[in-house]
Amino acid sequence: MEHLSFEILGLLFLVALIAGAFDAIAGGGGLITVPALLLAGLDPATALGTNKLQSSFGSVSATRAFAKRGLIDWKTAWPIAAAAGLAGLAGALCASLLSPRVLATLVPILLIVIAVYFGLSKALKTEDDAPRLALPVFAGFIAPIVGFYDGIFGPGAGAFYMVAIVTLLGYGVLKATAHTKLANAASNVGALVLFAVKGAILLPVGLAMAAGAFLGAQLGSRLAVRFGARLIRPLLVTISCAMAVKLLADPSNPLRQMAAGLFGH
């Protein structure tokens, strides 16, 4: 990989910029960046580690942009972020212990459920509702579950944070998006620590993409603030469905294999 050209680095920068914008609004940036890294010739482990580097920059950038607009309640956010970050590190440490086949079976179903939920319900509102779960319970139980998943597997973590924050904490659409990006940033950075220790990051590529992700997240956060639920809802639905399709398109996916067996293909 030492022979990567400036043209390829430039293309990866642009890919990360676009993905960072989408990710700041509705998550799912890895749907774009991981395939791009694999196409550039990185092995899967290095692609995942390098992706964590650029996505960490993107999610931190989006968090900063939302925070500057006063959309993050830090008293609430810090416990959630701390729990998500520690859980992300723990998930990355345990990645080799859990069969990805289990997650590859469950996650597409959950993503489709989330897409239907946000598509049909009126959960995304401008104003906050009364919380359905106390903050200590959310920070001590829900945030670590999603953070652990983000460290051990990843796809859809932003959507899972979003649905949990909207339904259980009752946040309005922009506040929920802002807190989702903070939690996502924390679990990304937690997992990144392990990838860095393992040396599974191609630094020139990671830094080029990190610059793109940082700028893209600034753009995406501005679009989210300007258009609110009109933009966030359809993107959440579309990206959740796209991630489900992407996972199911893998020939090794157990659900796809099961369907092929049932229909004789």
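Please refer to the structure higher up on the page.
Heads up: these notes are all about the structure in this document. Because the structure is predicted, anything quoted here is derived from the model rather than measured.

Reading the values: the criteria
- Residues numbered from 1 in each chain as written.
- Predicted model: local features only at pLDDT ≥ 70, side-chain atom pairs only at ≥ 80, totals over all residues.
- Heavy atoms only, no water.
- Helix = DSSP H or I, 4+ residues; strand = E, 2+ residues; numbered from the N terminus.
- Rg over C-alpha atoms; globule rule 2.2 N^0.38 Å.
- Buried < 20%, exposed > 50% of the residue type's maximum accessible area, 1.4 Å probe, protein only.
- Contact = heavy atoms within 4.5 Å.
- Areas by Shrake-Rupley, 256 points an atom, 1.4 Å probe, with all protein chains shown as cover.
- Expected span 1.5 Å × (residues − 1).
- Arc of directions from axis to C-beta.
- Phe/Tyr/Trp six-rings, centres within 6.5 Å; stacked < 30°, edge-to-face > 60°.
- Lys NZ or Arg CZ within 6 Å of the ring centre and 35° of its normal.
- Polar contact = N/O pair within 3.5 Å; in protein donor to acceptor, adjacent residues only side chain to side chain.
- Core = buried A, V, L, I, M, F, W, Y, C linked by side-chain atoms within 4.5 Å.
- Axes fitted to C-alpha atoms, helices over the stretch in contact; angles between N-to-C directions.
- Left-handed = near helix turned anticlockwise from the far one by under 90°.
- Nonpolar A, V, L, I, M, F, W, Y, C, P; charged D, E, K, R; others polar.
- Salt bridge = Lys/Arg side-chain N within 4 Å of Asp/Glu carboxyl O.

### Regarding the overall build of the protein
Logical step 1: Helices and strands together make up the secondary structure of the protein, namely 11 helices and 0 strands.
Logical step 2: Reading the protein from its N end, one meets helices and strands in the order α-α-α-α-α-α-α-α-α-α-α.
Logical step 3: The C-alpha radius of gyration of the protein comes to 18 Å, within 12% of the 18 Å expected for a compact globule of 265 residues.
Logical step 4: C-alpha atoms of the protein, sized along the principal axes, occupy 50 × 45 × 35 Å.
Logical step 5: The buried share of the protein, reckoned over its 265 residues, is 49%.
Logical step 6: Considering only contacts in the protein between residues 6 or more positions apart, those separated by 24 or more positions represent 83%.
Logical step 7: When the accessible surface of the protein is split by element, carbon and sulfur atoms take 73% of a total near 12300 Å².

### Section: helix H10 (residues 229-249)
Logical step 1: An ideal rise of 1.5 Å per residue puts 30 Å on 21 residues; H10 measures up with 29 Å between its terminal C-alpha atoms.
Logical step 2: Along H10, the residues that are buried comprise Ile232, Leu235, Leu236, Ile239, Ser240, Met243, Ala244 and Leu247. Buried residues of H10 fall within an arc of 160° about the axis and therefore sit on the same side. Turned more than 90 degrees from where H10 packs its buried face, Arg230, Thr238 and Val245 sit exposed.

### Side note on the environment of Arg64
Logical step 1: Take Arg64: it is sitting in helix H3 (residues 44-68).
Logical step 2: Exposure remark for Arg64: the relative accessible area of 45% places this residue in the partly exposed category.
Logical step 3: Considered as a pair, Arg64 and Ala92 are 28 residues apart in the sequence and their alpha carbons are 25 Å apart.

### Considerations on the packing of aromatic side chains
Two numbers describe a pair of aromatic rings. These are the distance of the centres and the angle of the planes.
Logical step 1: Within this structure, the stated rule accounts for 3 aromatic pairs.
Logical step 2: Taking the ring centre of Tyr171 as reference, the NZ or CZ of Lys175 above it sits at 4.3 Å.

### Examining the side chain of Thr177
Logical step 1: Relative to the helices and strands, Thr177 resides in helix H8 (residues 173-198).
Logical step 2: A relative accessible area of 2% places Thr177 in the buried class.
Logical step 3: At 2.8 Å, the side chain of Thr177 forms a polar contact with the backbone oxygen of Val173.
Logical step 4: Those residues in contact with Thr177 that sit more than four places away from it in its chain are Ala24, Ile25, Phe66, Met162 and Ile232.

### With respect to the nonpolar core
Logical step 1: Ile80, Val107, Leu111, Phe138, Phe160, Met162 and Ile232 are the most contacted members of the largest nonpolar core, which has 51 residues in total.
Logical step 2: Looking at this core, the element that brings in the most residues is helix H7 (residues 157-169), giving 10 residues.
Logical step 3: Dropping the residues within four chain positions of it, Phe138 is found in contact with Ile80, Leu133, Ala143, Pro144, Ala164, Ile165, Leu168 and Leu169.
Logical step 4: Ranked by size, the runner-up nonpolar core spans 12 residues in total, among them Ala36, Leu42, Met209 and Ala213.

### A short note on the packing of helix H4 (residues 74-93) against H8
Logical step 1: The contact between H4 and H8 brings their axes to 7 Å, and the two run at 30°. Of the two possible hands of crossing, H4 and H8 adopt the one that is right-handed. Note on element contacts: H8 touches H4 through His179, Leu182, Ala183, Ala186, Ser187, Gly190, Ala191, Val193 and Leu194, opposite Trp74, Ala77, Ile80, Ala81, Ala84, Gly85, Gly88, Leu89, Ala92 and Leu93.
Logical step 2: Of the residues in the contact of H4 with H8, the class split is 14 nonpolar, 5 polar and no charged.

### Structural notes on the pattern of salt bridges
Once the charged atoms of two side chains with opposite charge are near each other, the side chains can pair.
Logical step 1: Under the defined criterion, the tally for this structure stands at 3 salt bridges.
Logical step 2: Across the pair Lys181 and Asp23 runs a salt bridge whose closest N-O atoms are separated by 3.2 Å. Here Lys181 is found in helix H8, whereas its partner Asp23 is found in helix H1 (residues 6-26), with 158 residues between them in sequence. Neither Lys181 nor Asp23 differs from the other in exposure class; each is buried.
Logical step 3: A salt bridge links Asp150 to Lys52; its shortest N-O distance comes to 3.1 Å. In this pair, Asp150 sits in helix H6 (residues 135-152) while Lys52 sits in helix H3, placing the two residues 98 residues apart along the sequence. Like Asp150, the residue Lys52 is buried in the burial classification.

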